[in-house]
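# Notes for the structure review
If you want the building blocks of each chain, they are given just below.
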Amino acid sequence: MPQPLAAAHRDAYATDVYAGLTHSPQKELPSKYLYDSIGSSLFEVITHLPEYGLTRAEERILQSHADEMCSRVGPVGLVAELGSGSGRKTRLLLQACARHRPITYYPIEISPTALAQCEGELAGLASVKVVGLEHDYLQGLQEAAAQRTDEAPLWVLFLGSTIGNFSRTAAVRFLRGIRKLLRPGDALLFGADLEKPAWQLLTAYDDPLGVTASFNLNMLGRINRELGANFDLTNFKHEARINGKERAVEMHLRAMVNHDVRIPGAGLPCVTFTAGETIWTEISHKYQAEELIDMAGHAGFTSAGQWIDPQWLFAETLLRAT
Ligand code: AVI
């Protein structure tokens with residue numbers, strides 16, 4: 001008998017926490033678990049911080065070019081977004097599309113809190129029907145694509161540089177996965193943060209207000225709440241570090257003292273931490289603009305335009321499925 005979705009998610013979470021915290025020599029936790037309701041709210045605050053320029057850069061690009069992007073894609077009937085975010089940026093694109101014809105918008109999210117927030121933000125937009133899909137990205141996209149009723153192109157949005165949280169090979173694999181669910185003529189718009197100086201990245205991922213530190217530490221708070229663990233969050237310190245080889249910035253949680261932690265919900269009676277060791281919680285790759293078009297080419301797309309914000313180097317790339 002299939003398990004209810006919530007129970008299946010809880011089991012997958014426990015399995016991933018077990019695998020990550022027994023991983024040697026580097027303990028790790030998948031970054032997708034940063035986004036429970038507290039983590040999603042903290043991330044929303046991060047997007048307003050002066051040191052974290054990504055979101056505002058993407059907003060500036062969409063404010064200036066949403067109409068042009070829509071005209072290049074042509075009159076779409078369906079828009080599917082992988083990861084809904086707060087819906088702030090998407091509003092600009094949906095308004096531009098809906099000027100041509102009524103559309104159905106499918107935000108796709110595994111977090112019900114994020115989905116509800118996005119639905120609330122975008123409800124009431126003229127000529128836009130919002131249908132939230134609580135799924136992982138590709139499963140949700142498959143479901144959205146199955147709703148086509150005519151030949152109009154489907155437009156997929158993957159904003160916010162979430163692609164940067166995948167390894168470079170996984171990113172191309174993921175773009176290929178999207179392409180497989182599309183028809184020639186469909187479009188994909190994706191945002192990606194570009195390479196910039198180390199000091200700028202380090203303050204963006206370790207802001208002086210400590211919001212990113214809380215966002216990262218909440219990873220352990222969540223394990224306490226959902227898996228009955230006894231992490232003492234004051235035993236860990238947030239750390240942002242540059243990974244030059246990967247052209248990325250990483251987030252870690254550094255143990256400040258030797259201690260043990262119990263995580264009954266993950267079947268871990270004793271996880272030992274040595275002072276100085278870290279749990280790796282996220283990687284954010286930074287790109288060169290041309291590299292993004294190359295990656296997309298390897299996944300079966302051609303470029304239909306690229307817009308770069310000069311104030312905070314960030315690229316919005318429009319692709320067409322070939
Ligand atoms: C969601 N993602 C693109 C963000 C990033 O920049 O990698 C998450 C984040 N991590 C720390 N600050 C923001």
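Look up a bit, the structure's there.
## As for the overall build of the protein
The helix and strand tally for the protein stands at ten helices and 14 strands. Taken over C-alpha atoms, the radius of gyration comes to 20 Å for the protein, in line with the 20 Å a tight globule of 322 residues would show. Principal-axis analysis of the C-alpha atoms places the extent of the protein at approximately 60 × 50 × 35 Å. Looking at the protein as a whole, 52% of its 322 residues qualify as buried. The contacts of the protein with a sequence gap of at least 6 include a subset with a gap of at least 24, amounting to 74%. Carbon and sulfur atoms provide 56% of the accessible area of the protein, an area that totals close to 14000 Å².

## Considerations on the pairing of strand S8 (residues 236–243)
Regular strands place side chains that alternate from one sheet face to the opposite one. Across eight bridges, S8 lies against strand S9 (residues 248–255) in antiparallel orientation. The residue bridging His238 from the neighbouring strand is Leu253, located in S9. Between S8 and S9, which pair antiparallel one after the other, the connecting turn spans four residues, and Arg247 there sits at a positive phi close to 50°.

## Notes on the environment of Ile46
The topology assignment puts Ile46 in helix H2 (residues 37–46). For the pair formed by Ile46 and Thr212, sequence separation is 166 residues and the distance between their alpha carbons is 6.7 Å. Residue contacts for Ile46: discarding those within four places in its chain leaves Tyr52, Val211, Thr212 and Phe215.

## Here we look at the layout of surface pockets
Volume-wise, the second largest pocket comes out at about 180 Å³. Lining the second largest pocket, in full, are Asp16, Ala19, Gly20, Glu28, Leu29, Pro30, Ser31, Asn165, Trp280, Thr281, Glu282 and Ile283. Of all elements in the fold, only helix H1 (5–21) and strand S12 (278–285) reach the threshold of two or more residues within the lining of the second largest pocket. Tallied by class, residues from the lining of the second largest pocket come to five nonpolar, four polar and three charged.

## A word on the site of the ligand
What surrounds the ligand is a group of 14 residues, the closest being Tyr52, Asn165, Tyr205, Glu282 and Ser284. Separating an oxygen atom of the ligand from a side-chain N or O atom of Asn165 is a distance of 2.9 Å. The separation between an oxygen atom of the ligand and a polar side-chain atom of Tyr205 is 2.5 Å. Listing elements by their share of the shell around the ligand, those giving two or more residues are helix H9 (211–227) and S12. The residue makeup of the shell around the ligand, split by class, is seven nonpolar, six polar and one charged.

## Structural notes on the state of the cysteines
Under the definition given, this model contains zero disulfides. As a non-bridged cysteine, Cys97 has Cys70 as the owner of its nearest cysteine sulfur, 3.3 Å distant. Cys118 carries a free sulfur, and the closest cysteine sulfur to it, the one in Cys97, is 15 Å from it. The class for Cys118 is buried, based on a relative accessible area of 0%.

## Side note on unusual backbone geometry
Of note, the amide linkage connecting Ser24 to Pro25 takes the cis form, showing an omega dihedral of 0°. Relative to the assigned elements, Pro25 resides in the loop between H1 and strand S1 (27–28). The backbone of Ser127 sits at a positive phi, close to 65°, despite the residue not being glycine. With respect to the element layout, Ser127 can be found in the loop between helix H5 (112–122) and strand S4 (128–130).

## A few points about H2
Considered for burial, the residues of H2 that qualify are Gly39, Ser40, Leu42 and Ile46. Across the axial projection of H2, the buried residues extend over an arc of 160°, all falling on one side. Along its buried surface, H2 packs onto H9.

## Examining the sheet that holds S9
In spatial order, the strands read S1-S12-S9-S8; together these four strands make up an open sheet with mixed pairing. Edge strands, defined here as strands with exactly one partner in the open sheet, are S1 and S8. Sheet analysis places S1 next to S12, joined by two bridges and oriented parallel. Note that in S12 the partner of Glu28 across the bridge is Trp280. Sheet contacts for H9: S8, S9 and S12; angle to S9, the most-contacted strand, approximately 60°.

## Thoughts on the nonpolar core
Residues Trp155, Phe231 and Ile263 are the most contacted members of the largest nonpolar core, which totals 66 residues. The element best represented in this core is helix H3 (residues 54–73), accounting for eight residues. Formed by 33 residues, the second largest nonpolar core is a distinct cluster that contains Leu82, Val156, Ile178 and Leu292.

## Overview of the environment of Ser214
Along the polypeptide, Ser214 turns up in helix H9. Taking C-alpha positions, Ser214 is 9.7 Å from Lys237, a pair spaced 23 residues apart along the chain.

What counts as what
- Residues numbered from 1 in each chain as written.
- Predicted model: local features only at pLDDT ≥ 70, side-chain atom pairs only at ≥ 80, totals over all residues.
- Heavy atoms only, no water.
- Helix = DSSP H or I, 4+ residues; strand = E, 2+ residues; numbered from the N terminus.
- Rg over C-alpha atoms; globule rule 2.2 N^0.38 Å.
- Buried < 20%, exposed > 50% of the residue type's maximum accessible area, 1.4 Å probe, protein only.
- Contact = heavy atoms within 4.5 Å.
- Areas by Shrake-Rupley, 256 points an atom, 1.4 Å probe, with all protein chains shown as cover.
- Pairing = 2+ DSSP bridges.
- 1 Å grid on protein atoms, 1.4 Å probe; cavity = no way out; pocket = protein on both sides within 12 Å on 5 of 7 lines; lining within 4 Å.
- Points joined across faces, edges and corners; volume = space filled by probe spheres on them.
- Nonpolar A, V, L, I, M, F, W, Y, C, P; charged D, E, K, R; others polar.
- Near = heavy atom within 4 Å.
- Polar contact = N/O pair within 3.5 Å; in protein donor to acceptor, adjacent residues only side chain to side chain.
- Disulfide = S-S within 2.5 Å.
- Arc of directions from axis to C-beta.
- Axes fitted to C-alpha atoms, helices over the stretch in contact; angles between N-to-C directions.
- Core = buried A, V, L, I, M, F, W, Y, C linked by side-chain atoms within 4.5 Å.

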